[in-house]
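Residues per chain, in single letters:
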Amino acid sequence: MTAYLRMEGVNLSSFVYDTNDLSTIRGGGLLLLLATQRVAKRFSVEIEPISTGASAGLFMLKPEARPAATLRREIERFLMSNEDFKHATFVVNVIDDRNGSIDFPHVCENLVSKNRFQQMQSPSLVVPDPVPGAFPCSLDRLRPARQLGTDEVSLSVHRRREYGRRAKRVLYSRILKDVLHKAFRGAFVNDFAALTSDETRGNLHHKMAVIYADGNKFGSLQRKARASSAGLRAFDGFMKERRASLLAALLENIQSRPGFKAGDDLRLETLLWGGDEFLWVVPAWEGWRTLSFFFDETSKWPVFPVPGGRGDQLTHSAGLVFCDHKAPIARIRQVAESLATAVKHEKPGIDGFLYLCLESFDHPGADLERALLRRLPPHRSVRDLVLSGSRATAIHEAMVKLKREIPKSKVHECLKWSLSPKEPGGPSPESGVAATLSGSTRQALDSLRGAFGNALAWLHIADLWDYLEEG
């Protein structure tokens, strides 16, 4: 038997999402992805990767490795002294099972528990060196600032920001090259203003869509796979290939779509990528289509063949937030994640999503459920708002047809009627609208009723009217 080591970058709020600067956020996220690879390369003589993803890595110690406790301390020293990683918080733990007394699943569970215990004992951020007389960093508003080039920022922000600017294409190029052996040479916009700027889009000019997706029962699938180190290694490779294929398909798709073009640059940001989680930022006018694309692609993923049992199809819960490009991205990310969590709670195990349209600098506050319920008539629940991922594309197509034949004023008239008490035999503006529609558009309206539910159809149609465009 052998010894095992698990490392993880934790406390992401103080290393990735502590500013609203896009390059800093990108740099922090990419550096965490890079950390496990740097450790694997630096200590390749002594450790062998079993599973690496996002900011976590599980390694098996080779027979020629130093004692587990010694190697752990050496890896910690490397992370704490490296200029790229010393501003992040890492936990590193080992289990020495050279006598074979612990089975592999329990090794994994024990290592995660050790990581969490160490995290609970760690500060929420790496305490910076003092700078006498310094002002707070202009971006994170917390650490002491230094004059670094033309910026007056903290060392942590400076390092992440510079790396984020240089490594814009690193994530895409590395994933496609390492997993699919494909090259990628596209260029991207550098900030949310450029990502969302298009005055021809009317109300959607300078609005963005933040899309968060999380796998359902991913932990359960992973636990089935990790009956052995070989099974977990196979599952890790399976997921990396699926994610790389998704990324390749997305990049190919957006390069052919004018709505993603800003001159020669592409309007796409990937702020979270690893394990079973994704966080994308795209222009608001491409938000729904991108989420639809995600569900269409992931529904084609094959079932992972779990050793000794039947595999399960991996489904996802997602949150989609439409908001202003200046909205604090850390808070919007939390809202998107909370929407996905609500989907998991209300309709567990399905490909489903919730969306929220935030006007100007609106924020739903601490109680997301209450904010969602405010949109609904009495006796309705958040469950009624959950939409099926498999129907997202059909919803978009139906909305485009509907928008061609009825004005927005009629939509609000029908919405007001649908939310008001009904008088027996009273006039129905919905019937009047339906009577003016062509046959295919009446079918589109029926399709929307089926996807949204009859009682809430006009609520969704009104909410999404500006965001679901043709083209």
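Residues numbered from 1 in each chain as written. Predicted model: local features only at pLDDT ≥ 70, side-chain atom pairs only at ≥ 80, totals over all residues. Heavy atoms only, no water.

Of the regular secondary structure elements, the protein chain holds 16 helices and 14 strands. Within the protein chain, buried positions represent 54% of all 471 residues. Accessible surface for the protein chain amounts to roughly 21,200 Å². Of this, 51% is attributable to carbon and sulfur atoms. (Helix = DSSP H or I, 4+ residues; strand = E, 2+ residues; numbered from the N terminus. Buried < 20%, exposed > 50% of the residue type's maximum accessible area, 1.4 Å probe, protein only. Areas by Shrake-Rupley, 256 points an atom, 1.4 Å probe, with all protein chains shown as cover.)

So, about the layout of surface pockets. Empty space within the largest pocket amounts to approximately 1,200 Å³. What lines the largest pocket is a set of 49 residues, among which Glu-8, Gly-53, Ala-54, Ala-56 and Glu-277 lie closest to the centre. The greatest single-element share of the lining of the largest pocket, amounting to six residues, is contributed by helix α1 (residues 22–42). When the residues that make up the lining of the largest pocket are grouped by side-chain class, the tally is 22 nonpolar, 14 polar and 13 charged. (1 Å grid on protein atoms, 1.4 Å probe; cavity = no way out; pocket = protein on both sides within 12 Å on 5 of 7 lines; lining within 4 Å. Points joined across faces, edges and corners; volume = space filled by probe spheres on them. Nonpolar A, V, L, I, M, F, W, Y, C, P; charged D, E, K, R; others polar.)

So, about helix α12 (residues 392–405). Note: α-helices contain 3.6 residues per turn, so residues at a spacing of three or four share the same orientation. Over its 14 residues, α12 runs 21 Å from end to end, which matches the ideal 20 Å to within 8%, given 1.5 Å per residue. If you check which residues of α12 are buried, you get Ala-392, Ile-395, His-396, Ala-398, Met-399, Val-400 and Leu-402. Looking at the buried positions of α12, the neighbouring elements they touch are α9 (284–298), β13 (352–357), β14 (387–388), α15 (439–452) and α16 (457–464). (Expected span 1.5 Å × (residues − 1). Contact = heavy atoms within 4.5 Å.)

With that settled, consider the packing of α1 against helix α4 (residues 155–166). Interaxial distance between α1 and α4 falls to 7 Å at its minimum, and their mutual angle equals 85°. Here α1 lies roughly perpendicular to α4, going by the angle between them. Mapping the contact onto sequence places Ser-23, Thr-24, Arg-26, Gly-27, Gly-28, Leu-30, Leu-31 and Leu-34 in α1 and Val-157, Arg-160, Arg-161, Tyr-163, Gly-164 and Arg-165 in α4. Broken down by class, the residue content of the contact of α1 with α4 amounts to five nonpolar, five polar and four charged. (Axes fitted to C-alpha atoms, helices over the stretch in contact; angles between N-to-C directions. Parallel < 35°, antiparallel > 145°, perpendicular 65-115°, else oblique.)

Attention now goes to unusual backbone geometry. The backbone phi angle of Asn-11 is positive, close to 55°, even though this residue is not glycine. As for its placement among the helices and strands, Asn-11 is situated in the loop between β1 (3–10) and α1. Located in the positive-phi region is His-206, a residue other than glycine, with phi close to 65°. Considering the arrangement of structural elements, one finds His-206 in the loop between α6 (192–196) and β7 (207–215).

Now for the side chain of Glu-286. Counting through the fold element by element, Glu-286 comes out in helix α9. A polar atom in the side chain of Glu-286 sits 3.0 Å from the side chain of Arg-289. (Polar contact = N/O pair within 3.5 Å; in protein donor to acceptor, adjacent residues only side chain to side chain.)

Let us look at the nonpolar core. Of all hydrophobic cores here, the largest spans 138 residues; its most connected members are Trp-288 and Ile-461. Sequence-distant contacts of Trp-288, that is, excluding residues within four places in its chain, are made with Leu-320, Phe-322, Phe-353, Tyr-355, Leu-387, Ala-392, Ile-395, His-396, Leu-464 and Leu-468. Ranked by size, the runner-up nonpolar core spans ten residues in total, among them Tyr-4, Leu-58, Met-60 and Cys-108. (Core = buried A, V, L, I, M, F, W, Y, C linked by side-chain atoms within 4.5 Å.)

The subject of this paragraph is empty space enclosed by the protein. Remark: the empty space left among the atoms is shown by a probe the size of a water molecule rolled over them. Tallied over the full model, the rule gives two cavities of 30 Å³ or more. Of the pockets and cavities examined, the largest cavity occupies roughly 50 Å³. Together, Leu-221, Phe-235, Phe-238, Met-239, Trp-301, Pro-302, Val-303, Phe-304, Asp-312 and Leu-314 line the largest cavity. The leading source of residues in the lining of the largest cavity is helix α8 (residues 229–255), at three residues. Residues of the lining of the largest cavity, tallied by class, amount to nine nonpolar, no polar and one charged. Approximately 40 Å³ is the volume attributed to the second largest cavity. Surrounding the second largest cavity, Arg-26, Leu-30, Lys-168, Leu-171, Tyr-172, Glu-269 and Thr-270 form its lining. Listing elements by their share of the lining of the second largest cavity, those giving two or more residues are α1, α5 (170–180) and β10 (269–274).

Looking now at the sheet that holds β14. In space, the six strands of this open sheet follow the order β10-β11-β7-β12-β13-β14, with mixed pairing throughout. In the strand order of this sheet, the two ends are held by β10 and β14, each with one partner. Taken together, the five bridges between β10 and strand β11 (residues 277–283) define a ladder with antiparallel strand orientation. Within β11, the position partnered with Gly-274 by the bridge is Glu-277. (Pairing = 2+ DSSP bridges.)

With five of six residues buried, β13 lies mostly within the body of the structure. Note that strand β12 (residues 316–324) and β13 share six bridges and pair parallel. Along β13, the bridge assignment pairs Val-321 with Leu-356. As a crossover connection, the stretch from β12 through helix α10 (residues 329–346) into β13 is left-handed. Two strands pair when backbone bridges link them, and β13 and β14 are joined in this way by two bridges, in the antiparallel orientation. Within β14, the residue paired with Gly-352 across the bridge is Ser-388. (Right-handed = clockwise from strand over helix to strand, strands pointing away.)

A word on α9. With 15 residues, α9 should reach 21 Å at 1.5 Å per residue; the first-to-last C-alpha distance of 22 Å fits that figure. Taking burial as the measure, the 15 residues of α9 include 14 buried ones, the bulk of the element.

Let's shift gears to the pairing of β11. Along β11, six of the seven residues are buried, which leaves the element largely enclosed by surrounding structure. Hairpin connection from β10 to β11: two residues lie between these consecutive antiparallel strands, with Gly-275 at a positive phi of about 60°.

Tallied over the entire structure, the rule returns 18 aromatic pairs. An angle of 80° between the planes, with centres 5.1 Å apart, marks the rings of Phe-235 and Phe-304 as edge-to-face. Here the residue Phe-235 occupies a position in helix α8, and Phe-304 occupies one in the loop between α9 and β12, the gap between them amounting to 69 residues. Here Phe-235 matches Phe-304 in class, with each residue buried. Taken together, the aromatic side chains of Trp-273, Phe-278, Trp-280, Trp-288, Phe-294, Phe-295, Phe-353 and Tyr-355 make up a single cluster linked through ring pairs. (Phe/Tyr/Trp six-rings, centres within 6.5 Å; stacked < 30°, edge-to-face > 60°.)

A few words now on the pattern of salt bridges. Per the counting criterion, the structure on display carries 32 salt bridges. A salt bridge links Glu-83 to Lys-86, with the nearest nitrogen and oxygen atoms 3.1 Å apart. Owing to a relative accessible area of 41%, Glu-83 belongs among the partly exposed residues under this scheme. Look at Lys-86 and you get partly exposed, because its relative accessible area is 28%. A salt bridge links Glu-469 to Arg-201, with the nearest nitrogen and oxygen atoms 2.8 Å apart. Taken as a pair, Glu-469 in the segment after α16 and Arg-201 in the loop between α6 and β7 lie far apart in primary sequence, 268 residues in all. Connected through salt bridges with shared partners, the residues Asp-18, Asp-140, Arg-143 and Arg-160 form a single ionic network. (Salt bridge = Lys/Arg side-chain N within 4 Å of Asp/Glu carboxyl O.)

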